[in-house]
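The primary structure of each chain is shown beneath.
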Amino acid sequence: MPDPVESRSPSNQPIDASALFHAAADLAANYLSQSADPKNPVTQNPPPSAIHQRVPLKLDGPATSVEDLLAQAKDLLEFSVRTTSPNFSNQLFSGFDPVAIVGEWLSAVMNASMYTYEVAPAMTLVEREVIARMGRAAGWDACEGLFTPGGSLANLMAMLMARQRALPTVKANGMGDARPVIFTSAESHYSVARAAAILGLGAQGVVDVPHDRHGRMRPDALAHEIAQARANGLLPMAVVATSGSTVFSAYDPIEAIADITEREGLWLHVDGAYGASALLSETRRELMRGIERADSLTWCIHKMLTVPLSASAILVRDPGLLHKCNAVHAEYLYHSDSEEQDLDTGEMSIQCGRRVDALKVWLAWKARGDAGMAAIVDRKFELASTMRRLVNERDRFELLADPDDVGGGCNTCFVYHAPSLDDLPADQRRKALDASTHVLRERVRLRGRVLTNYAPVYGVRAFRHVSANDRATEAELALILDEIEAVGESLDLAPLAGPQTLPVP
Ligand SMILES: Cc1ncc(COP(=O)(O)O)c(C=O)c1O
């Protein structure tokens, strides 16, 4: 028997860490198994008062016993949205992987910081291997990269590198009179615009390139916008193509875009935060044809591959560029006489201390093997096609985009035409349809059985269902439509065409 691990709380109560961990593991396993049962509600929609009433949130009291802490943690779990439920399709992630959760826990146990090899030797090599494996999936024999706190930060780092390439003296001299511009689809994630703002590019620093009816960037429009920017005295710096856009799950045509970026001498970044996992699937990697020609890639394993947040990486084909952008030679930490400094990653990142995110990915990948990873991707694309079939089968539902016409995608955007809107004239019906998505979605959300989001699509608010949970079945997909129908049939939504609004309870 190992020695019992004991520590002392501030009030000097002994805490048996082993007993605590076992109790917490039971709590977690029960929670996850309840969440996996589609009969359980996804959310209780608790108002803040309900949480305050049940859980003593204030931190200025006396010490709390371990039993009470666990009871309070259980309550907090109960009040949380069950994002691992097969009825959760609200965000781009759902489901869970027990091995990856263990990886997350073990990362906390070792509490390494990913800046120097000295303090994170094993994790530095684990991260290197995961990055190299992701790079190989993109067809890059050699690449560098890091795990970052989310896809947004990975996109920011890509834009930092693009700026460095376009303005090699930027670190020493700033941008001077240069007015660099990023080109990206109007459907790209808002983190691209935010990266531009952080980098001081201003509002003129991002050009939204028009897309086709499937939400994919139009290469002809891109070429036109670049020429226009040059004519206006701007400095084209980078193109951000999206692989798996947030609303449509659209894949921009990388090959055609690379033809343009190579001709124009621009950095090509692919934001595959959501969709780059398609690279692991034999049948779906075609969606990213041309990826081997990109300069950098954002890829969040936590979105499509069911490991806990966050597991986002920035990958770059030009080794040394991350270091060039971010190093400021902090000798106190990165000792120039260290024999292992080539393995230190701290001067490649924006942060100083950096958590271990690669371990959970490495463990999950090992446990599943390549085939298991690919199977999750394939299953999600398959479920999304099923969802679209179900939408098409019901008269009152209208599919607004069908990614299967262009190789597939995991989101389904649709509207529901409530019977009460039938007699409205066409212009009023559109207005009411737009508002009805919001009202229906809120009422469905408050029923708590399913959670699916909505977004603007072609000028109307539409349901955006994400095929995020590989454990979902056709029954759960149908339940979402049943819920919308049940609420939609019971409400008079016609007043939404007029000035008055329908109360959202
Ligand atoms: C296409 C795309 N890129 C980037 C991001 C940002 O990722 P994160 O939320 O991890 O910052 C998202 C998030 O949904 C996304 O959909």
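Residues numbered from 1 in each chain as written. Predicted model: local features only at pLDDT ≥ 70, side-chain atom pairs only at ≥ 80, totals over all residues. Heavy atoms only, no water.

**Digging into the overall build of the chain**
Phase 1 of the analysis: In terms of regular secondary structure, the chain is built from 15 helices and 14 strands.
Phase 2 of the analysis: For 505 residues, the compact-globule formula gives about 23 Å, and the C-alpha radius of gyration of the chain, at 25 Å, lands near that figure.
Phase 3 of the analysis: The principal-axis extent of the C-alpha atoms belonging to the chain is close to 80 × 70 × 45 Å.
Phase 4 of the analysis: Taking all 505 residues of the chain together, the buried fraction comes to 51%.
Phase 5 of the analysis: In the form shown here, the chain has an accessible surface area of approximately 22700 Å², with 54% of it arising from carbon and sulfur atoms.
Phase 6 of the analysis: Positive and negative charge centroids in the chain, built from 48 and 64 side chains respectively, lie 4 Å apart. (Helix = DSSP H or I, 4+ residues; strand = E, 2+ residues; numbered from the N terminus. Rg over C-alpha atoms; globule rule 2.2 N^0.38 Å. Buried < 20%, exposed > 50% of the residue type's maximum accessible area, 1.4 Å probe, protein only. Areas by Shrake-Rupley, 256 points an atom, 1.4 Å probe, with all protein chains shown as cover. Lys, Arg positive; Asp, Glu negative; His and termini not counted. Charge placed at Lys NZ, Arg CZ, Asp CG, Glu CD.)

**Structural notes on the packing of helix H5 (residues 121-137) against helix H13 (residues 358-393)**
Phase 1 of the analysis: Packing of H5 against H13 brings their axes to within 9 Å, and their N-to-C directions diverge by 55°. When the axis of H5 is compared with that of H13, the two are oblique. In this structure, the crossing between H5 and H13 has a hand that is left-handed. Here Met123, Val126, Glu127, Glu129, Val130, Arg133 and Met134 of H5 lie close against H13, whose contacting residues are Ala358, Leu359, Val361, Trp362, Trp365 and Asp370.
Phase 2 of the analysis: Across the contact of H5 with H13, the residue classes tally to 9 nonpolar, no polar and 4 charged. (Axes fitted to C-alpha atoms, helices over the stretch in contact; angles between N-to-C directions. Parallel < 35°, antiparallel > 145°, perpendicular 65-115°, else oblique. Left-handed = near helix turned anticlockwise from the far one by under 90°. Contact = heavy atoms within 4.5 Å. Nonpolar A, V, L, I, M, F, W, Y, C, P; charged D, E, K, R; others polar.)

**Here's the deal with the side chain of Glu187**
Phase 1 of the analysis: Looking at the element boundaries, Glu187 is found in the loop between strand S5 (180-185) and helix H8 (190-198).
Phase 2 of the analysis: When sequence neighbours within four positions are dropped, the list of residues in contact with Glu187 reads His211, Gly215, Ser245, Val247 and Phe248.

**Some remarks on the pairing of strand S4 (residues 144-148)**
Phase 1 of the analysis: S4 sits mainly inside the fold: 4 of its 5 residues count as buried.
Phase 2 of the analysis: Bridging between S4 and strand S10 (residues 312-316) involves 5 bridges; their strand directions are antiparallel. Of the residues in S10, the one forming a bridge with Thr148 is Ser312. (Pairing = 2+ DSSP bridges.)

**Focus on the domain arrangement of the chain**
Size of an interface: often given as the accessible area lost when the parts come together.
Phase 1 of the analysis: Taken domain by domain, the chain comprises domain 1 (113-355) and domain 2 (366-497).
Phase 2 of the analysis: With 22 residues of domain 1 in contact, the opposing surface of domain 2 contributes 27 residues.
Phase 3 of the analysis: Interface area lost by domain 1 to domain 2 is led by Val247, Phe248 and Arg284, which between them contribute 27%.
Phase 4 of the analysis: Remark: the boundary between domain 1 and domain 2 carries 1 salt bridge.
Phase 5 of the analysis: Across the domain 1-domain 2 interface, the total number found is 14 residue pairs in polar contact (both at pLDDT 80 or more).
Phase 6 of the analysis: Counted by class, the side of domain 1 that touches domain 2 contains 9 nonpolar, 8 polar and 5 charged residues. (Domains from an automatic or database assignment. Buried area = accessible area lost by both parts, 1.4 Å probe. Salt bridge = Lys/Arg side-chain N within 4 Å of Asp/Glu carboxyl O. Polar contact = N/O pair within 3.5 Å; in protein donor to acceptor, adjacent residues only side chain to side chain.)

**Notes on a nonpolar patch on the surface**
Phase 1 of the analysis: A surface patch of nonpolar side chains, amounting to about 450 Å² of accessible area, comprises Val102, Trp105, Leu106, Val109 and Met110.
Phase 2 of the analysis: Position of Trp105 among the secondary structure elements: in helix H4 (residues 98-110).
Phase 3 of the analysis: When its relative accessible area of 41% is taken as the criterion, Trp105 is described as partly exposed. (Patch = residues over 30% accessible without salt bridge, like charges linked within 9 Å, V, L, I, M, F, W, Y side chains within 5 Å.)

**Quick look at the site of the ligand**
Phase 1 of the analysis: Around the ligand there are 13 residues in total, and Gly151, Ser152, Thr246, Asp271 and Lys303 lie nearest to it.
Phase 2 of the analysis: Gly151 places a main-chain nitrogen or oxygen 2.7 Å from an oxygen atom of the ligand.
Phase 3 of the analysis: Separating an oxygen atom of the ligand from a side-chain N or O atom of Lys303 is a distance of 2.9 Å.
Phase 4 of the analysis: Contact with the protein chains removes 82% of the 390 Å² of surface that the ligand exposes when unbound.
Phase 5 of the analysis: Elements with a contribution of two residues or more to the shell around the ligand: helix H6 (151-166) and helix H11 (301-304).
Phase 6 of the analysis: For the shell around the ligand, the element with the most residues is H6, which contributes 3 residues.
Phase 7 of the analysis: A class-by-class count of the residues in the shell around the ligand yields 2 nonpolar, 9 polar and 2 charged. (Near = heavy atom within 4 Å.)

**Looking at the sheet that holds strand S11 (residues 397-399)**
Phase 1 of the analysis: Spatially, 5 strands are ordered S3-S13-S14-S12-S11 in an open sheet, and the strand pairing comes out mixed. Where the open sheet ends on each side, the last strands, each with one partner, are strand S3 (88-89) and S11.
Phase 2 of the analysis: As judged from the 5 bridges shared by strand S13 (residues 451-457) and strand S14 (residues 460-466), these two strands associate in the antiparallel manner. Along S14, the bridge assignment pairs Val457 with Val460.
Phase 3 of the analysis: Along the sheet, helix H14 (residues 426-447) contacts strand S12 (411-416), S13 and S14; its crossing angle with S14, the most-contacted strand, is approximately 40°.
Phase 4 of the analysis: The sheet strands contacting helix H15 (residues 474-490) are S3, S11, S12, S13 and S14, and the helix crosses S12 at an angle near 20°.

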